[in-house]
Amino acid sequence: MSTTQRLVGKPTILGDGMTITRTLPSAHRRTVGAWCFLDHFGPVDVSAGAGLRVGPHPHIGLQTVTWLLEGEILHRDSLGSVQNICPGQLNLMTSGKGISHSEESPAERPAMLHGAQFWIALPDASRQCAPAFAHHETLPVCQHQGLQVTVFIGELLGLVSPAQVYSPLVGAELRASDDTQTALPLRRDFEHGIQVLTGRLIADGEALEPGTLLVLEAGRDIVSVQAEAGAYAVLVGGEPFREEILMWWNFVGRRRPELTEACTDWNAQAGYFGAVRGYDGARLSAPMPPW
Ligand code: MN
């Protein structure tokens, strides 16, 4: 079996001119650890008009991880959280059995927006937990030769993120402060993925373009990284996720009926999704699944 896999995301242009590239899930792979969704958005100029506007929508069965390289996003959720996020900070929302949120450009903002949103599937034993939102303003950072490494989930290079997750995971930003040739330690029991967000980076001898996720199967202790100054990438990983998950729209579940029910319940404004206050716009409607 090959020990690496390249997943090439397909860029999609949204109505407002924002490019989004999704590398997970793909036809070739569903998860890396419990990471089940990787979206890279921008860089895009959001200085004109209202900028980013994603109206209130629900989630179940997952945690969302928002990570920015440039710009700002204002998060509001049904727990009453109203939180601006800047580069180097983590917004971690745990849907548990049901939450809703909106995401928008704040009125005063930098011109450029560039970042990533990831989802983590909650294990069956935790997925009915109470919804929660956490903003981590400062995270552990170290300089590892020419790489500045920020750990936002789990542990790497002895740095431990304070973020609460429900299965063994790692998530880190790698930023080349100089041209560098180095290596990062990996956990042998984890599978990993490396995705370049900007610039040039070679991991495990593979040149990666933005929009390509290189997956490294479990059983390795190290990965070589060669990067040009200014390159940014994310490293994600975790214990292979043994549970079979199903995804539809903004929902992660196990069986079709629960996903259908989540769509019906959201569209009927069921109470367990709560309500987002203060967002100036319409809530999104759930598209019913094809089954
Ligand atoms: Mn969302």
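All figures in this text were calculated on a predicted structure; none of them were measured in a lab. (Residues numbered from 1 in each chain as written. Predicted model: local features only at pLDDT ≥ 70, side-chain atom pairs only at ≥ 80, totals over all residues. Heavy atoms only, no water.)

Draft legend 1. Representation of the pattern of salt bridges within the structure. This structure, assessed with the given rule, holds 12 salt bridges. Here Arg-76 ties to Glu-104 by a salt bridge, and the two come within 2.8 Å at their closest N and O atoms. Note that Arg-76 is positioned in strand E7 (residues 73-77) and Glu-104 in strand E10 (residues 99-104), a separation of 28 residues in sequence. Neither residue differs from the other here; Arg-76 and Glu-104 are each classed as buried. As a salt-bridge pair, Arg-187 and Asp-189 come within 2.8 Å of each other at their nearest N and O atoms. By relative accessible area, Arg-187 is classed as partly exposed at 40%. Several salt bridges converge on common partners, so that one network encompasses Arg-29, Glu-191 and Glu-217. (Salt bridge = Lys/Arg side-chain N within 4 Å of Asp/Glu carboxyl O. Helix = DSSP H or I, 4+ residues; strand = E, 2+ residues; numbered from the N terminus. Buried < 20%, exposed > 50% of the residue type's maximum accessible area, 1.4 Å probe, protein only.)

Draft legend 2. View of the nonpolar core. Of all hydrophobic cores here, the largest spans 34 residues; its most connected members are Trp-35, Val-65, Leu-90, Phe-118, Phe-152 and Ile-153. Sorting the residues of this core by element identifies strand E4 (35-45), strand E6 (62-70), strand E9 (90-94), strand E11 (112-121), strand E14 (147-153), strand E22 (212-216) and strand E24 (232-238) as the ones contributing at least two each. Residue contributions to this core peak at five residues, all from E11. Those residues in contact with Phe-118, other than ones at most four positions away along the chain, are Trp-35, Phe-37, Leu-38, Gln-63, Thr-64, Val-65, Phe-152, Val-234 and Val-236. (Core = buried A, V, L, I, M, F, W, Y, C linked by side-chain atoms within 4.5 Å. Contact = heavy atoms within 4.5 Å.)

Draft legend 3. Geometry of unusual backbone geometry. A cis geometry characterises the amide bond from Leu-24 onward to Pro-25, with omega recorded as -10°. The linkage connecting Gly-42 with the following residue, Pro-43, adopts the cis geometry, with an omega of 5°. Locating Pro-43 in the fold gives a position in strand E4. For Asp-204, which is not a glycine, the phi torsion comes out positive at approximately 55°. Looking at the secondary structure, you find Asp-204 in the loop between strand E20 (201-203) and strand E21 (206-208). The residue Trp-249 is not glycine, and still its phi comes out positive at about 50°. Its location among the elements puts Trp-249 in the loop between strand E25 (246-248) and strand E26 (251-253).

Draft legend 4. Seen up close, the coordination of the manganese ion. In the first shell of the manganese ion, the protein supplies His-57 (NE2), His-59 (NE2) and His-101 (NE2), at 2.1 to 2.2 Å from the metal. Site description for the manganese ion: donor spacing in sequence, H-x1-H-x41-H. Here the residue His-57 occupies a position in strand E5 (residues 53-59), and His-101 occupies one in strand E10, the gap between them amounting to 44 residues. Residue His-57 is classed as buried on the basis of its relative accessible area, which comes to 5%. On the basis of relative accessibility, which here comes to 1%, the residue His-101 falls in the buried class. (Donors = N, O, S within 2.8 Å, 3.2 Å for Na, K, Ca; no water.)

Draft legend 5. Just the sheet that holds E4, in detail. What the seven strands build is an open sheet, ordered E2-E3-E4-E11-E6-E9-E12; its pairing is antiparallel. Edge positions in the open sheet fall to strand E2 (10-13) and strand E12 (132-136), since each of these has one partner strand only. Put simply, the sheet's adjacent strands are angled 20° from each other on average, direction ignored. Here E4 pairs with E11 via eight bridges, running antiparallel. Note that in E11 the partner of Asp-45 across the bridge is Met-112. (Pairing = 2+ DSSP bridges. Axes fitted to C-alpha atoms, helices over the stretch in contact; angles between N-to-C directions.)

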